[in-house]
Each structure stands twice: as C-alpha cells, then as structure tokens.
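Architecture at a glance
Here is what each chain is made of, one letter per residue.
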Amino acid sequence: MTELLFRGATVYTPDGPGEFDVTVSDGVITSVGPRGSGRGKAVDVSGNWLLPGGIDVHVHSRDPGFPDKEDFGTLTAAAAAGGVTTVVDMPNTVPAVDSAGALESKAALARSRSRVDFGLWALIRSSSTAEQLVELASAGAVGFKAYLGYSFSVNRKQVLHALDASDPDLEAPPDYGTLTRLAPAIAELGLPLVIHAEDPGILHAFRRPFETYEDVLEARPAEAESVAISATASVARQHDIHLHIAHVSSALGLQAAEEAIAAGTRLTLETCPQYLWRTEADFARLGTAMKMNPPVRRASDQQALRDALRREVISVVATDHAPHTDDEKAQDLEHAPPGTPGVQTLYLSCLELARHMGDPWLAARWVSEGPAALAGLSESKGRIAPGYDADLVVVDPKQSTTFSPKAMRSRQKHGALEGLKVSFAITSVYLRGVPIYANGRLSTRSTGRMVRPAGVPIA
Ligand code: NCD
Ligand code: ZN
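None of the values given here were measured: they were computed from a predicted structure.

It is worth spelling out the pairing of strand E8 (residues 84-89) at this point. By the criterion of burial, E8 is predominantly enclosed, with six of the six residues buried. Strand direction decides the pairing type here: strand E7 (residues 54-59) and E8, joined by four bridges, are parallel. Note that in E8 the partner of glycine 54 across the bridge is valine 84. Viewed along the sheet, the connection from E7 through helix H1 (residues 72-81) into E8 turns out right-handed. When E8 meets strand E9 (residues 117-123), the two strands line up parallel, connected through four bridges. By the bridge assignment for E9, valine 88 is matched with glycine 119.

Structure (structure tokens):
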C-alpha cells in the first residue's frame, strides 16, 4: 500500500481553495486536512497550487483510423503534459463507434497506449436502433453523439462531412427524426445525448467556396447553431433526456440554449478555449490553424460566451481536440480540413481566462468538476476530496508559459492558441497517485484505464 502526502500547496477543494495536506493511498485521496495533519511519503509541492486533474470530454484521438494525425499515445502524451488526466474520445474514428463490438475493440486499443484514463462516446447513425444503443451503454459508452448533417460511409465505416447525398455508399445523416425515434431508448438509459449543433438545411443554403475568412462565417451562420439547439432541445424536453451541446460558438446559439433551459430542458453547454480566446480578427495571423467547425466567430460572440461562463450557464470547457497533419492544414482555406489540437493547452488557457475574470480557481470547475458530471464520473473524479481518484495537477502560479509548436506533444504542432502567453506553468501531474508528468518529462508507462459512467449496469 503506497501512502503519499502532498504538502505545502494551496489546494482547490469543492469548498474553495485552502492550505491543506492531501493524503493518497493506493491511488485514492484519503484525506484533505490542516497542514501537518497527514502522514505518508512526502511530496513537497510548496508554493504551488494543487488542482483536480482535467477531464477533456471532447477529443478526437483519430485512433483507430488516422495514425498520421494522432493516436491514443500522442493524444494522451499531450493530455498528460497539459494536466488532463481523463479524455473522453469522440466516435468518429474508423471504424466508427456505432456498435458494442466497435467500442470494445477501440477500448482495447486505447488501453494499450493511453497514458491517462479514457472514456468513449458512441455514435448515433440514422440507421441506429434502440437495441444497439442499449448494447453500447452496457459496453461502457459515456453517452451518445449525433453529428447532425454528417453522412456515414457504409463501406469505410466513417463519419463524413458531405452534404451531397447522391453517393449510394453514403447513409443519410442522423436528423431530428432519428433523435425523436431513439429518444425513448436514450431516456431509459439515462445517458447524455451530445449533438454537433449545426442545422444542415441552413448550412446547405449558405454553401460557398472559401476564399476569405468572411466566406467561412457566411457559410456557417450562427442561425445553424441556434436552430439545431432549439430543435433538439424540443425533442430532449419531451422525453426528459439530458442534452449536451458540444462546442457552442455563438451568442445566438447561447440564447437558444438559455431559452430551452428556461423552458425546462435538461441541457448542459460546452464551449472551447478557441471560442473564448480567438475571434475572426486572429485569422490573418493564424490562418488555417483556426479553421474548424463551428467557426471561431466575432468579438461579440466571444464576449457572450465568456459572460455565460461567468454566469455558470456554460458548465464545461472542452477542446474539440481535432488534429490533422500540418501538411493537410498547410492547404488553402477551401481545402484544409477543419479542426485544431487543444488538449494540451486546455487547463492553462482556462486558468488564464479565469484569472482575467478575477478568480483563477473557476478553471477547475470548467475543466474538471463540470465535465465529471457530464461523463457520469461525479463520484470518482473532478474533485480533491476523500474517496476521489488522486488525479492531481501541480501548477506553479509564479511561472509563465507561452504556447509554442515545439512544446506540442500532438502530431499537429500548430494550434489555434499558438502564441498565447499564460501566467501559470504545469509542474507535475499524477494519475491515480502515479506521476505521469514532471518538469517537462513524461513517464514511460502507459497506465490509462477506461472509465464508465456510474449507474449503468455492466454487460
Ligand atoms: C472535427 C473533426 O475533425 O473530427 N472537426 C472540427 O472542426 N470540429 C469534427 C467535429 O467535431 O465536428
Ligand atoms: Zn469534435
């Protein structure tokens, strides 16, 4: 039995920050008490902050499927270096996670290479059945993701962003009909439904070639987001489903979500650091690193998103970590694929934003406590409290970090937050009491386990 004593840090607990000793036994926090009260092998973290490990509920590992872009090894190296001790992976890997069998093989693969704990989202296709969802839930899915407007290649078993429905290999995207049909099964399972909220009808009406960033904004108007949110919220409310909106990017989308919440929808909201830190004005400098779906919009949208975080209407900040190769991203605006890496810079960018808002500790709520609740992990992760996993991040508040390509552990080096300077640095990171990162070095061991939401029976 290994007993550890973290001493000297300012510790963020569910009741706020304080000067505490934290003891850990066999990977679990056993006490959070006054200085001098704990026993165990001392880990001196004096002058630092001790925070709960980050949980990034929106990452794309690309594994299996796209090893040139990323895999669970590189993804979780970046996560560990950034203080993210749990990632929840999206199902648009290849083969897509649309069945219990696909989920189980992906879990086996992730287990073999993951440096942090991981959970898996399951895919809703327009052809998905209630039975398949039940099987996915018993295989351990954290919840279900529907990509409105994204078709499915049946031969390649791949989610594709193709609005052209003429190809016979392409299965139609899941739509409001699909969600209404599957809603009773989702309600019965009690797992969250996540949507990529851009209404395909609106996107279709505004299609255009991308020459300038203004074309991108005109092609993906905020109405696409607000309409998708209102429509899915209406279905979710009727069936009392927990609806989670991935990557909210616009003031109009937020407004639709707030109206739905006021009407009684069980709805949670996620936004991403890129929408909180960047605006259209940054495109001239960042180029296609900033191309993603939905797009980074205007200063007024950024302001509305920051304000919603402050008002606690948004409870989750996740990254939509969606790497491609730097070569793919070097293409022009029309051809470069959408997405940016982000998992490594999640925690620090949130600490910095929370500091700007006057309370840096808020970051732990956005990246750990809120995400734990979404993923059904509120009883094991997301807090520094007795009984919780000892997923701990040691942060030095006197040292700054500038996000630079050479520090990136992901395969894609250029991300949307490149160049951002934050007044914190991550010193070391512990996963269930085991050091996985310290002073710029990763431990060589892969120790990640699969997490499953509490309360779902195991098959
Ligand atoms: C994502 C990807 O590349 O997988 N890209 C993106 O721009 N967000 C797809 C997605 O999450 O919608
Ligand atoms: Zn995504």
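This part takes up the coordination of the zinc ion (ligand 2). Bound to the zinc ion (ligand 2) on the protein side are His58 (NE2), His60 (NE2) and Asp320 (OD), at distances that span 2.0 to 2.1 Å. Taken together, the four donor atoms surrounding the zinc ion (ligand 2) define angles of 88 to 148° at the centre, an arrangement classified as irregular. One chain supplies every donor for the zinc ion (ligand 2), spaced along it as H-x1-H-x259-D. Of this pair, histidine 58 sits in strand E7 while aspartate 320 sits in the loop between strand E17 (316-317) and helix H12 (326-329), and the two are 262 residues apart along the sequence. Histidine 58 gets classed as buried once you look at its relative accessible area, which sits at 0%.

Glancing now at the site of ligand 1. What surrounds ligand 1 is a group of 14 residues, the closest being Arg62, Asn92, His196, Asn293 and Asp320. One of the side-chain N or O atoms of arginine 62 is found 2.8 Å from an oxygen atom in ligand 1. For ligand 1, an oxygen atom lies 3.3 Å from a polar atom in the backbone of proline 338. For ligand 1, whose accessible area on its own is 320 Å², the fraction buried by protein is 94%. Its residues placed into classes, the shell around ligand 1 shows five nonpolar, seven polar and two charged.

What follows deals with the nonpolar core. Counting 105 residues, the largest nonpolar core has Leu193 and Trp366 as the members making the most contacts within it. Ranked by residue count, the leading element in this core is helix H13 (residues 346-356), at seven residues. Once residues lying within four places of it in the same chain are set aside, the contact partners of leucine 193 are Ile124, Phe144, Ala146, Leu179, Ile186, Ile241, His242, Leu243 and His244. Membership of the second largest hydrophobic core comes to 21 residues, among which are Val57, Ala96, Ala246 and Ala318.

Here the focus is the side chain of asparagine 48. With respect to the secondary-structure elements, asparagine 48 resides in the loop between strand E5 (41-44) and strand E6 (49-52). Other than its neighbours up to four places away in sequence, asparagine 48 contacts Ala9, Thr10, Val394, Val395, Asp396, Pro397 and Thr427.

Evaluation of the coordinates by the stated rule reveals 24 salt bridges. Residues aspartate 89 and lysine 106 are paired through a salt bridge, measuring 2.6 Å at the closest nitrogen-oxygen approach. Linking aspartate 89 in strand E8 with lysine 106 in helix H2 (residues 100-113), this pair joins segments that are 17 residues apart in sequence. We note that aspartate 89, like lysine 106, is buried. For glutamate 171, the salt bridge is made with arginine 125, and the minimal N-O distance between the two is 2.6 Å. With glutamate 171 in strand E13 (residues 170-171) and arginine 125 in the loop between E9 and helix H3 (130-138), this pair connects stretches of sequence that are 46 residues apart. You can call glutamate 171 buried: its relative accessible area is 14%. Via salt bridges that share partners, Asp117, Lys381, Asp389, Asp391 and Arg432 belong to a single interconnected network.

This part takes up the packing of H3 against helix H4 (residues 176-189). When two helices pack together, you describe them by how their axes are tilted relative to each other and by the distance separating the axes. Relative to each other, H3 and H4 sit at 25°, their axes nearing to 9 Å. In terms of orientation, H3 lies roughly parallel with respect to H4. Judged by the twist between their axes, the crossing of H3 over H4 is right-handed. Contacts between H3 and H4 involve Ala130, Leu133, Val134 and Ala137 on the former and, on the latter, Leu182, Ala185, Ile186 and Leu189. Tallied by class, the residues present in the contact of H3 with H4 amount to eight nonpolar, no polar and no charged.

Spanning 14 residues, H4 covers 19 Å between terminal C-alpha atoms, matching the ideal 20 Å at 1.5 Å per step. Where H4 bends most, at leucine 182, the angle is about 50°, and the proline proline 184 comes one to four residues later. Taken as a whole, H4 has its buried residues at Thr178, Leu179, Leu182, Ala183, Ala185 and Ile186. For H4, the elements touching its buried residues are H3, strand E10 (143-147), strand E14 (193-196) and helix H7 (222-239). For H4, the N-terminal capping position is held by aspartate 175, with its side-chain oxygen 3.0 Å away from the main-chain nitrogen of glycine 177. The first or second residue beyond H4 is glycine 190, which carries a positive phi of 75°.

Procedures and definitions
- Residues numbered from 1 in each chain as written.
- Chains lettered and ligands numbered in written order.
- Predicted model: local features only at pLDDT ≥ 70, side-chain atom pairs only at ≥ 80, totals over all residues.
- Heavy atoms only, no water.
- Buried < 20%, exposed > 50% of the residue type's maximum accessible area, 1.4 Å probe, protein only.
- Helix = DSSP H or I, 4+ residues; strand = E, 2+ residues; numbered from the N terminus.
- Pairing = 2+ DSSP bridges.
- Right-handed = clockwise from strand over helix to strand, strands pointing away.
- Donors = N, O, S within 2.8 Å, 3.2 Å for Na, K, Ca; no water.
- Tetrahedral: all angles 85-135°; square planar, octahedral: opposite > 155°, others 65-115°.
- Near = heavy atom within 4 Å.
- Polar contact = N/O pair within 3.5 Å; in protein donor to acceptor, adjacent residues only side chain to side chain.
- Areas by Shrake-Rupley, 256 points an atom, 1.4 Å probe, with all protein chains shown as cover.
- Nonpolar A, V, L, I, M, F, W, Y, C, P; charged D, E, K, R; others polar.
- Core = buried A, V, L, I, M, F, W, Y, C linked by side-chain atoms within 4.5 Å.
- Contact = heavy atoms within 4.5 Å.
- Salt bridge = Lys/Arg side-chain N within 4 Å of Asp/Glu carboxyl O.
- Axes fitted to C-alpha atoms, helices over the stretch in contact; angles between N-to-C directions.
- Parallel < 35°, antiparallel > 145°, perpendicular 65-115°, else oblique.
- Left-handed = near helix turned anticlockwise from the far one by under 90°.
- Expected span 1.5 Å × (residues − 1).
- Bend = angle between axes of the 7 residues up to and from the residue.

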